[in-house]
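For reference, the chains in residue letters:
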Amino acid sequence: MMQQPGPGGAMLPQQPPPPQQYQQPPYMMMMPPPPMAQTQPPPPHMWAQHQAHQASIPPPQQQQGQGQPPATADEVRTLWIGDLQYWMDENYIASCFAHTGEVASVKIIRNKQTSQIEGYGFIELTSHGAAERILQTYNGTPMPNGEQNFRLNWASFSGGDKRDDSPDFTIFVGDLAADVTDFMLQETFRAHFPSVKGAKVVIDRLTGRTKGYGFVRFGDESEQLRAMTEMNGAFCSTRPMRVGLASNKKAVVGQQYPKASYENPQPQNDGDPNNTTIFVGNLDSNVMDDHLKELFGQYGQLLHVKIPAGKRCGFVQFADR
DNA sequence: AATGAGCGT
């Protein structure tokens with residue numbers, strides 16, 4: 001359990017303490033030795049670098065002090081956090097939001113064998129509103145003492161807010177300048193293409209720095225296609241972008257999360273040792289039975305391939321496992 | 001130059 005603000009003089013709406021955190025980083029003591037020579041030690045400097053996050057989002061009218069409504073049992077209040085470096089442990093993450101007084105718990109996922117931080121974790125807040133606030137306020141803003149931005153999202157199995165089943169049409173964007181963020185990339189495209197759903201700049205997890213490329217997702221296929229020609233060479237930040245088709249034609253096998261790509265299909269089963277049928281989801285609308293036959297035929301003898309009419313998923317049955 | 005990862009007890 002993290003430190004909570006007391007139930008609080010219920011009468012007195014209190015402002016959270018000024019963002020004067022990190023005066024004594026408790027986790028400096030707890031930093032594990034670099035587990036491997038090639039991983040970089042945390043930058044040992046600049047605690048105060050946390051620049052004020054965009055002040056554009058006014059705090060919701062909900063006041064801190066007047067007793068948070070007790071979170072109901074099923075209230076969604078867990079965020080996912082990613083792109084973590086190995087030294088970003090629970091204490092560090094908690095300290096990033098400690099001044100909000102709204103952190104209930106933090107769990108960073110570690111490798112079972114090595115106990116190395118896997119690069120993501122979960123932040124439970126005291127309420128759904130708190131989670132939403134922190135997501136809106138911090139996502140994409142610089143992490144304190146990290147040369148990277150927060151990557152936050154709703155924890156997916158907690159329900160989250162967005163349930164968007166519509167397909168994505170994704171492009172690859174290369175040649176990105178070092179300062180390009182998800183938001184910049186997204187807005188650069190959204191200015192011309194309203195169907196832009198989001199963008200992601202790929203971050204090297206070991207360094208926290210951009211890999212110089214990313215992806216932009218469109219809701220509208222025609223905008224995706226236009227963007228590939230019209231935006232090639234357009235500037236984002238200081239450099240012209242190179243735009244191309246995202247090579248991942250994103251057929252995903254399984255349901256909730258991509259387990260395999262179109263290029264790298266990984267049959268997945270439900271634990272039934274006799275099941276020789278795999279499910280293929282997220283197909284582009286123009287994918288036909290024959291595409292699946294060709295794609296999966298190289299892995300074994302096929303008995304049957306079926307994409308039900310009008311569906312964006314299908315089934316591939318093999319003669320054996 | 002480079003074509004992600006990112007959901008736990």
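All values derive from a computational prediction rather than experimental measurement. (Residues numbered from 1 in each chain as written. Chains lettered and ligands numbered in written order. Predicted model: local features only at pLDDT ≥ 70, side-chain atom pairs only at ≥ 80, totals over all residues. Heavy atoms only, no water.)

The subject of this paragraph is the overall build of chain A. Broken down by element type, chain A carries five helices and 14 strands. Residues classed as buried in chain A amount to 39% of the 321 residues present. When contacts within chain A are restricted to residue pairs at least 6 apart in sequence, those whose partners lie at least 24 apart make up 62%. If you sum the accessible surface of chain A, you get close to 18300 Å²; carbon and sulfur atoms cover 54% of it. (Helix = DSSP H or I, 4+ residues; strand = E, 2+ residues; numbered from the N terminus. Buried < 20%, exposed > 50% of the residue type's maximum accessible area, 1.4 Å probe, protein only. Contact = heavy atoms within 4.5 Å. Areas by Shrake-Rupley, 256 points an atom, 1.4 Å probe, with all protein chains shown as cover.)

Ranked by internal contacts, the top residues of the largest apolar core, which has 27 residues, are Ile93, Phe97, Ile123, Leu125, Phe150 and Leu152. Broken down by secondary-structure element, the contributors of at least two residues to this core are strand 1 (78-82), helix 1 (90-97), strand 2 (103-110), strand 3 (117-125), helix 2 (128-138) and strand 4 (151-154). Setting aside residues no more than four positions away along its own chain, Ile123 makes contact with Arg77, Thr78, Leu79, Ile81, Ile93, Phe97, Val103, Ser105, Val106 and Leu152. (Core = buried A, V, L, I, M, F, W, Y, C linked by side-chain atoms within 4.5 Å.)

Tracing the backbone shows Val202 in strand 6 (residues 196-203). A relative accessible area of 13% means that Val202 is categorised as buried. Residues Val202 and Thr181, spaced 21 residues apart in sequence, show a C-alpha to C-alpha distance of 9.4 Å. If we skip the residues at most four places from it in the chain, Val202 touches Arg209, Thr210, Lys211, Gly212, Tyr213, Gly214 and Phe215.

Let us look at the pairing of strand 6. In terms of strand pairing, strand 6 meets strand 7 (residues 210-218) through six bridges, oriented antiparallel. Opposite Val201, over in strand 7, you have Gly214 as the bridge partner. (Pairing = 2+ DSSP bridges.)

The environment of DNA strand B is formed by 28 residues, the closest being Trp80, Ser156, Asp175, Leu245 and Ser247. Backbone sugar and phosphate groups make up 34% of those atoms of DNA strand B lying within 4 Å of the protein. Between DNA strand B and Leu245, the relevant distance is 3.0 Å, taken from a base nitrogen to a main-chain nitrogen or oxygen of the residue. Here Ser247 contributes a backbone N or O atom positioned 2.7 Å from a base oxygen of DNA strand B. Counting residues per element, the ones that place at least two in the surface near DNA strand B are strand 1, strand 2, strand 3, strand 4, strand 5 (169-174), strand 6, strand 7 and strand 10 (242-245). Ranked by residues supplied to the surface near DNA strand B, first place goes to strand 7 with four residues. Here the surface near DNA strand B is composed, by residue class, of 13 nonpolar, seven polar and eight charged. (Near = heavy atom within 4 Å. Polar contact = N/O pair within 3.5 Å; in protein donor to acceptor, adjacent residues only side chain to side chain. Nonpolar A, V, L, I, M, F, W, Y, C, P; charged D, E, K, R; others polar.)

Here the focus is unusual backbone geometry. At Ser115, a residue that is not glycine, the phi angle is positive and equals roughly 55°. Ser115 sits in the partly exposed class, given a relative accessible area of 46%. In this structure, Ser237 takes a positive phi of about 55° despite not being glycine. With respect to the secondary-structure elements, Ser237 resides in the loop between strand 8 (235-236) and strand 9 (239-240).

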